[in-house]
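# Structure at a glance
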Amino acid sequence: MACHRCGFQHNCICTDEPTLTISARFILLTHPKEQQKSTNTGQLLVRALPNCEVVIWHRTEPPQALLADLANPNYCPWLIFPTDEKQLPIDLTASSNTVPLFILLDATWQEARKMVRKTPWLNALPRLTLNPIHTSKYALRRNQHDGNLCTCESGIELLHLLQESTQAEQLQTYFNAFIDVFKADKSGHSKR
């Protein structure tokens, strides 16, 4: 029987799950097709970050609660998505009266590009491009492009930008456990 929390049957990773504490908010704007995929790493962020929530994206029905948060002067919203424009380094830890509100597109890269293109309110947000030091370890889906990160890896990079290195390392350990056991568990083998 599969673990009700992590979903693995033979290789439960719940003991690797950290409980992180950060002031920034993370919104996973999730494509409807992404919700039930076992390869989805956004679920790791939701479990580890108390200020992380899932909002389902619908092209014709904007999420009103999220739009209200974007208009709230207490938040500083960022769409985590590559931009073609030159981006100056951004200090996310600078003292400010606003809380960073990170919108991560939880979808395949093909779906994410469509989400931005077809959503005017999303396309209007300031973008934050991540420049990871390490290459992605995520290889659970086909058609991955060099330099692209999965949702959890993007969260890890954001923690580093927030100068939360210890918490980034804890999330990295959790992500590594997920990657290490995924294929073995799906094929019915215990790896631990």
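See above for the structure.
Here goes a summary of the coordinates provided. No experiment lies behind these values; they were computed from the predicted model shown.

Calculation criteria
- Residues numbered from 1 in each chain as written.
- Predicted model: local features only at pLDDT ≥ 70, side-chain atom pairs only at ≥ 80, totals over all residues.
- Heavy atoms only, no water.
- Helix = DSSP H or I, 4+ residues; strand = E, 2+ residues; numbered from the N terminus.
- Buried < 20%, exposed > 50% of the residue type's maximum accessible area, 1.4 Å probe, protein only.
- Pairing = 2+ DSSP bridges.
- Contact = heavy atoms within 4.5 Å.
- Axes fitted to C-alpha atoms, helices over the stretch in contact; angles between N-to-C directions.
- Phe/Tyr/Trp six-rings, centres within 6.5 Å; stacked < 30°, edge-to-face > 60°.
- Core = buried A, V, L, I, M, F, W, Y, C linked by side-chain atoms within 4.5 Å.
- Salt bridge = Lys/Arg side-chain N within 4 Å of Asp/Glu carboxyl O.
- Patch = residues over 30% accessible without salt bridge, like charges linked within 9 Å, V, L, I, M, F, W, Y side chains within 5 Å.
- Areas by Shrake-Rupley, 256 points an atom, 1.4 Å probe, with all protein chains shown as cover.
- Lys, Arg positive; Asp, Glu negative; His and termini not counted.
- Charge placed at Lys NZ, Arg CZ, Asp CG, Glu CD.

Before going further, it helps to examine unusual backbone geometry. Comment: phi is negative for the bulk of residues other than glycine, and the bulk of peptide bonds are trans. In this model, Q163 sits at a positive phi of 60°, which is unusual for a non-glycine residue. Its place among the elements puts Q163 in the loop between α5 (151-161) and α6 (165-186). Given the relative accessible area of 58%, Q163 is considered exposed.

Let's shift gears to the environment of I133. Within the fold, I133 resides in the loop between β5 (127-128) and α5. Considered as a pair, I133 and E157 are 24 residues apart in the sequence and their alpha carbons are 8.9 Å apart.

The strand order β2-β1-β4-β3-β5 describes an open sheet built from five strands, whose pairing is parallel. The two strands at the open ends of the sheet, each matched to only one other strand, are β2 (52-56) and β5. In this sheet, β5 lies alongside strand β3 (residues 75-80) in parallel orientation, the contact comprising two bridges. Bridge pairing in β5 links I80 to L128. On top of the sheet, helix α2 (residues 64-71) reaches β1 (25-30), β2, β3 and β4 (99-106); it is set at about 140° to β4, its chief contact.

Under the definition given, this model contains five aromatic pairs. Taking 6.2 Å as the distance between ring centres and 80° as the angle between the ring planes, the aromatic pair formed by F8 and F182 counts as edge-to-face. A residue pair is termed long-range when its members are at least 10 positions apart, and F8 in the segment before β1 and F182 in helix α6 qualify at 174 residues. Across the pair, exposure class does not vary: F8 and F182 are buried alike. Ring geometry for F26 versus F102: centroids 5.4 Å apart, planes at 65°, classification edge-to-face. A residue pair is termed long-range when its members are at least 10 positions apart, and F26 in strand β1 and F102 in strand β4 qualify at 76 residues.

Next up on the list: the pairing of β3. Here β3 runs beside β4; their pairing, made up of six bridges, is parallel. For C76, the partnering residue across the bridge sits in β4 and is P100.

The next subject is the nonpolar core. With 36 residues, the main nonpolar core has I13, F26, I80, F102, C152, L158 and L171 as its most contacted residues. Taken together, the elements giving at least two residues each to this core come down to β1, α1 (42-48), β3, β4, α5 and α6. Broken down by element, this core gets its largest block of residues, nine residues, from α6. Setting aside residues up to four positions removed in sequence, F26 forms contacts with L49, N51, C52, E53, F102, L104, G155 and L158. If you look at the next biggest cluster of nonpolar residues, it comprises 18 residues, including I27, L79, I103 and V116.

In this section: the pattern of salt bridges. Within this structure, the stated rule accounts for four salt bridges. For E17, the salt bridge identified is with R5, shortest N-O distance 2.7 Å. In this pair, E17 is assigned in the segment before β1 and R5 in the segment before β1, connecting sequence segments twelve residues apart. For R25, the salt bridge identified is with E53, shortest N-O distance 2.5 Å. Taken together, the residues span a long stretch of sequence, with R25 in strand β1 and E53 in strand β2 at a distance of 28 residues. Overlapping salt bridges, with partners in common, bring together R25, E53 and D69 in one network.

Taken together, the side chains of K33, R59, R113, K114, R117 and K118 make up a positively charged region of the molecular surface. Here K118 lies in the loop between α3 (109-117) and α4 (120-123).

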